[in-house]
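Listed below are the residues making up each chain.
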Amino acid sequence: MRVLAFLDGTLSDPDAPWIRVDDLGLMRGDGIFETVLVADGKPRELRPHLDRLARSASMLDLPEPDDEAWQRVTRQVIDNWTGDREFALKLVYTRGIESAPDAGPTAFAMGLTIDEKILRARRDGVAVVTLDRGIDPGLAERAPWLLLGAKSLSYGVNMAAGREAARRGAGDVIFTATDGSVLEGPTSNVIIARGHTLYTPPATIGILPGTTQAAVFRGAERLGWSTRIEPLSAADLRDNDGLFLASSVRKLTRVHTLDGEQLPDSSAVHAELAKAYEDVYS
Ligand SMILES: *Cc1c(COP(=O)(O)O)cnc(C)c1O
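Residues numbered from 1 in each chain as written. Predicted model: local features only at pLDDT ≥ 70, side-chain atom pairs only at ≥ 80, totals over all residues. Heavy atoms only, no water.

Counting its regular elements, the protein contains eight helices and 14 strands. A compact globule built from 282 residues should have a C-alpha radius of gyration of about 19 Å, and the protein, at 19 Å, falls within 12% of that. With the principal axes as the frame, the protein shows a C-alpha extent of 55 × 40 × 35 Å. The 282 residues of the protein split such that 51% are buried. Of the roughly 13,300 Å² of accessible surface on the protein, a fraction of 52% belongs to carbon and sulfur atoms. Side chains of the protein give 32 positive and 41 negative charges; the mean places of these two sets differ by 3 Å. (Helix = DSSP H or I, 4+ residues; strand = E, 2+ residues; numbered from the N terminus. Rg over C-alpha atoms; globule rule 2.2 N^0.38 Å. Buried < 20%, exposed > 50% of the residue type's maximum accessible area, 1.4 Å probe, protein only. Areas by Shrake-Rupley, 256 points an atom, 1.4 Å probe, with all protein chains shown as cover. Lys, Arg positive; Asp, Glu negative; His and termini not counted. Charge placed at Lys NZ, Arg CZ, Asp CG, Glu CD.)

Structure representation (structure tokens):
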């Protein structure tokens, strides 16, 4: 099922053609997006998602997003959704039409059924390969025009990494920097559990600050866990009591196999943290 609404409040047929062929989002991948999880009619982490949309827009020199309009259109899609109790809500914001810059950005929200593959990974965990991202941890601060840390529509590399993982018999990817440090997944953040402490790398190394990672940390802290945001090495991916990928739609997904090697069973740690995350919303 899909529900489409443009930012001006027009509810539209998701099977009809709406985007012009000269839209810069299509021609150049020049735009940004957010994916929000909606559960039982409530958008999770909407405030952090909209704050990040504004931050991404600023990094790409796009007009500042109309926050109230995005909140309205989010509500509109949710109110028109009649599918499963959880769905993915995409917010898309492009630079608009090349030949008509005065027309402004293209902006819409679309509700989508969650992919079966993602539901299976949530339940059973996932095999992951590490892949070199070719960036060093100082690059994001040295070269802001590379847009590291913006949730941009230019995800060709991220999608290619997923296909490389499939060729290697895995379902997902953890990117590493040139010095071997841990970055993030193509659409997720990396979280490690060790004892009763959670770790994730800092956004300053050129990764996206995750709204789900933050929610998982909040949930774990309520249970008395400690949380640390600090650089992680490739060795940390093995030296732990649980390795996870976090993102809005996959929630907290357990990594059971790393580069072809089965990891020790972390189902119990996963169950505790997955519950802590759900409890944030109950
Ligand atoms: C969307 C995304 C994440 C996860 O962000 P959430 O807010 O948790 O959904 C992490 N890394 C990348 C590259 C992403 O695109």
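What follows deals with the site of the ligand. By nearness alone, 16 residues border the ligand, and K151, Y155, T211, T212 and S248 come closest of all. Taking T211, its side chain carries an N or O atom lying 2.6 Å from an oxygen atom of the ligand. When the ligand sits alone it has 380 Å² of accessible area, and the protein chains cover 96% of it. Listing elements by their share of the shell around the ligand, those giving two or more residues are α2 (46–59) and α7 (211–222). (Near = heavy atom within 4 Å. Polar contact = N/O pair within 3.5 Å; in protein donor to acceptor, adjacent residues only side chain to side chain.)

We now examine the layout of surface pockets. Quantified by volume, the second largest pocket comes out at close to 190 Å³. Taken together, 14 residues form the lining of the second largest pocket, with A140, L148, G149, A203 and T204 sitting closest to its centre. Breaking the lining of the second largest pocket down by element, the ones donating at least two residues are α2 and α5 (139–142). Along the lines of polarity and charge, the residues of the lining of the second largest pocket split into nine nonpolar, three polar and two charged. (1 Å grid on protein atoms, 1.4 Å probe; cavity = no way out; pocket = protein on both sides within 12 Å on 5 of 7 lines; lining within 4 Å. Points joined across faces, edges and corners; volume = space filled by probe spheres on them. Nonpolar A, V, L, I, M, F, W, Y, C, P; charged D, E, K, R; others polar.)

Take helix α3 (residues 67–79) next. Given a rise of 1.5 Å per residue, 13 residues ought to cover 18 Å, and the 18 Å separating the end C-alpha atoms of α3 matches this to within 8%. Buried within α3 we find A69, W70, V73, T74, V77 and I78. (Expected span 1.5 Å × (residues − 1).)

In space, the six strands of this open sheet follow the order β2-β1-β6-β5-β3-β4, with antiparallel pairing throughout. Looking at strand neighbours, the two that pair on one side only are β2 (11–12) and β4 (42–43), the edges of this open sheet. Pairing between strand β5 (residues 86–94) and strand β6 (residues 106–112): seven bridges, direction antiparallel. Of the residues in β6, the one forming a bridge with K90 is M110. Contacts from α2 reach β3 (31–39), β4 and β5, with the element oriented near 175 degrees to β3. (Pairing = 2+ DSSP bridges. Contact = heavy atoms within 4.5 Å. Axes fitted to C-alpha atoms, helices over the stretch in contact; angles between N-to-C directions.)

When cut into domains, the protein gives domain 1 (2–114) and domain 2 (119–279). Taking the mean C-alpha position of each, domain 1 and domain 2 sit 25 Å from one another. At the interface, 23 residues of domain 1 touch 22 residues of domain 2. Between domain 1 and domain 2, the buried area comes to about 1,800 Å², and carbon and sulfur atoms account for 61% of it. Three residues stand out in domain 1 for area buried against domain 2, namely F33, R52 and M59, and they jointly supply 31% of the buried area on that side. The interface formed by domain 1 and domain 2 holds 13 residue pairs in polar contact (both at pLDDT 80 or more) in total. Taken together, the elements giving at least two residues each to the side of domain 1 that touches domain 2 come down to α1 (24–28), β3, α2 and β5. Among the residues making up the side of domain 1 that touches domain 2, the classes are represented as nine nonpolar, seven polar and seven charged. (Domains from an automatic or database assignment. Buried area = accessible area lost by both parts, 1.4 Å probe.)

Looking now at the environment of P209. Its place among the elements puts P209 in the loop between β10 (197–200) and α7. Once the C-alpha coordinates of P209 and W70 are considered, the two residues, 139 residues apart in sequence, prove to be 20 Å apart.

Time to look at the side chain of R52. Within the secondary structure layout, R52 lies in helix α2. Non-local contacts of R52, meaning those with residues more than four positions away in its chain, are made with E34, K151, L208, P209, G210 and T211.

This paragraph deals with the environment of G260. Along the polypeptide, G260 turns up in the loop between β13 (251–258) and β14 (261–262). On the accessibility criterion, G260 (71% relative accessible area) is exposed. Each C-alpha atom of the pair G260 and R168 lies 8.4 Å from the other, and the pair is 92 residues apart in sequence.

What follows concerns the packing of aromatic side chains. Applying the stated rule across the entire model yields six aromatic pairs. Between W70 and Y93, the ring centres sit 5.9 Å apart and the planes meet at 80 degrees, which makes this aromatic pair edge-to-face. With W70 in helix α3 and Y93 in strand β5, this residue pair connects regions lying 23 residues apart in the sequence. In this structure, W70 and Y93 share a single accessibility class: buried. For the ring pair Y277 and Y281, a centre distance of 5.4 Å and an interplane angle of 70 degrees mean the geometry is edge-to-face. Ring-pair connections join several aromatic residues into one group, and the members of that group are F6, W18 and F108. Sitting above the plane of the Y199 ring, R194 keeps its charged end 5.1 Å from the centroid. (Phe/Tyr/Trp six-rings, centres within 6.5 Å; stacked < 30°, edge-to-face > 60°. Lys NZ or Arg CZ within 6 Å of the ring centre and 35° of its normal.)

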